[in-house]
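Each chain, written out:
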Amino acid sequence: MDCLFCKICEKEIPSKVVYEDDKILAFYDIDPKAPVHFLVIPKEHIAGASALNAENAGVVAYIYAKIAEITAKMGISSYRVVTNCGPDAGQTVFHLHFHVLAGGPLGEMA
Ligand code: AMP
Ligand code: ZN
């Protein structure tokens with residue numbers, strides 16, 4: 001499949017891995033928007049948040065639990081998790097991903 005994040009999962013494209021297991025991959029964003037900015041993705045290709053359903057949504061809870069673990073290990077207690085869904089919301093890669101932003105005051109957004 002011609003998907004950038006599937007290729008990152010397959011290691012066809014290199015990334016700076018933060019965490020990996022059989023279900024998910026976390027890696028640093030190539031264009032950070034905060035002092036700490038990494039992405040967490042399911043290894044299964046899901047096009048975005050609007051492609052979630054009762055069968056595939058379990059990985060979302062798993063990802064949030066892992067984000068809590070990863071940030072705790074990094075000594076981060078304050079962070080923001082963002083998912084852009086659809087072009088108007090700024091989604092540019094159509095493989096579900098969660099931005100984790102941290103490392104200082106993030107400003108108001110929502
Ligand atoms: P979004 O715009 O919400 O779809 O987020 C896509 C994110 O992927 C952006 O923040 C990009 O900076 C990031 N990105 C694009 N290509 C790469 C790459 N090769 N490695 C790491 N992050 C990437
Ligand atoms: Zn994909």
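What you are looking at is a predicted structure, and each value in this text was computed from that prediction instead of being measured.

> What am I meant to see in the site of ligand 1 here?
Around ligand 1, the structure places 17 residues, and the nearest of them are D29, N84, G90, T92 and H99. Here an oxygen atom of ligand 1 sits 2.8 Å away from a polar atom, N or O, in the main chain of G90. With respect to ligand 1, the backbone of T92 contributes an N or O atom lying 2.7 Å from an oxygen atom. Contributions of two or more residues to the shell around ligand 1 are made by α1 (4-9) and β2 (24-28). Considering each element in turn, the shell around ligand 1 owes the most residues, three residues, to α1.

> Help me out: how do you make sense of the coordination of the zinc ion (ligand 2) in this one?
Octahedral metal centres with six donors ideally show angles of 90 or 180 degrees, and tetrahedral centres with four donors ideally show 109.5 degrees. At 2.0 to 2.3 Å from the zinc ion (ligand 2) lie its protein donor atoms, namely C3 (SG), C6 (SG), H45 (ND1) and H95 (ND1). Geometry at the zinc ion (ligand 2) is tetrahedral, judged from its four donor atoms and the angles of 105 to 117° they form at the metal.

> Help me understand the pairing of strand β3 (residues 36-42), please; the structure alone is not making it clear to me.
Along any regular strand, the residues point their side chains to alternate faces of the sheet. Extensive coverage of β3 is indicated by the burial of seven of its seven residues. Neither face of β3 is open: one carries V36, F38, V40 and P42, the other H37, L39 and I41, and all of them are buried. Pairing of β3 with strand β5 (residues 98-102), which is carried by five bridges, proceeds in the antiparallel orientation. Looking across to β5, one finds that L39 is bridged to H99.

> Just to check I follow, could you spell out the nonpolar core for this structure?
Within the largest apolar cluster, 16 residues are counted, with the highest numbers of intra-cluster contacts made by F38, V40, V59, I63, I67 and F98. Contributing elements (two or more residues each) for this core: β2, β3, α2 (58-74) and β5. Here the element with the most residues in this core is α2; it accounts for five residues. The contact partners of F98, leaving out residues within four places of it in the chain, are F38, L39, V40, V60, I63, Y64, I67, V81, V82 and T83. Ranked by size, the runner-up nonpolar core spans 10 residues in total, among them C6, L25, F27 and L39.

> Hey, could you run me through the state of the cysteines in this one?
Cysteine pairs can be linked by a disulfide, which is a covalent bond between their two sulfur atoms. Taken as a whole, this structure holds zero disulfides when the rule is applied. The closest cysteine sulfur to the non-disulfide-bonded C9 is located on C6, 6.2 Å from its own sulfur. Taking relative accessible area as the criterion, C9 reaches 10% and is therefore assigned buried. Its sulfur unpaired, C85 is 15 Å from the next cysteine sulfur, which belongs to C3. Taking the relative accessible area as the measure of exposure, C85 reaches 33% and is therefore partly exposed.

Criteria and cut-off values
Residues numbered from 1 in each chain as written. Chains lettered and ligands numbered in written order. Predicted model: local features only at pLDDT ≥ 70, side-chain atom pairs only at ≥ 80, totals over all residues. Heavy atoms only, no water. Near = heavy atom within 4 Å. Polar contact = N/O pair within 3.5 Å; in protein donor to acceptor, adjacent residues only side chain to side chain. Helix = DSSP H or I, 4+ residues; strand = E, 2+ residues; numbered from the N terminus. Donors = N, O, S within 2.8 Å, 3.2 Å for Na, K, Ca; no water. Tetrahedral: all angles 85-135°; square planar, octahedral: opposite > 155°, others 65-115°. Buried < 20%, exposed > 50% of the residue type's maximum accessible area, 1.4 Å probe, protein only. Pairing = 2+ DSSP bridges. Core = buried A, V, L, I, M, F, W, Y, C linked by side-chain atoms within 4.5 Å. Contact = heavy atoms within 4.5 Å. Disulfide = S-S within 2.5 Å.

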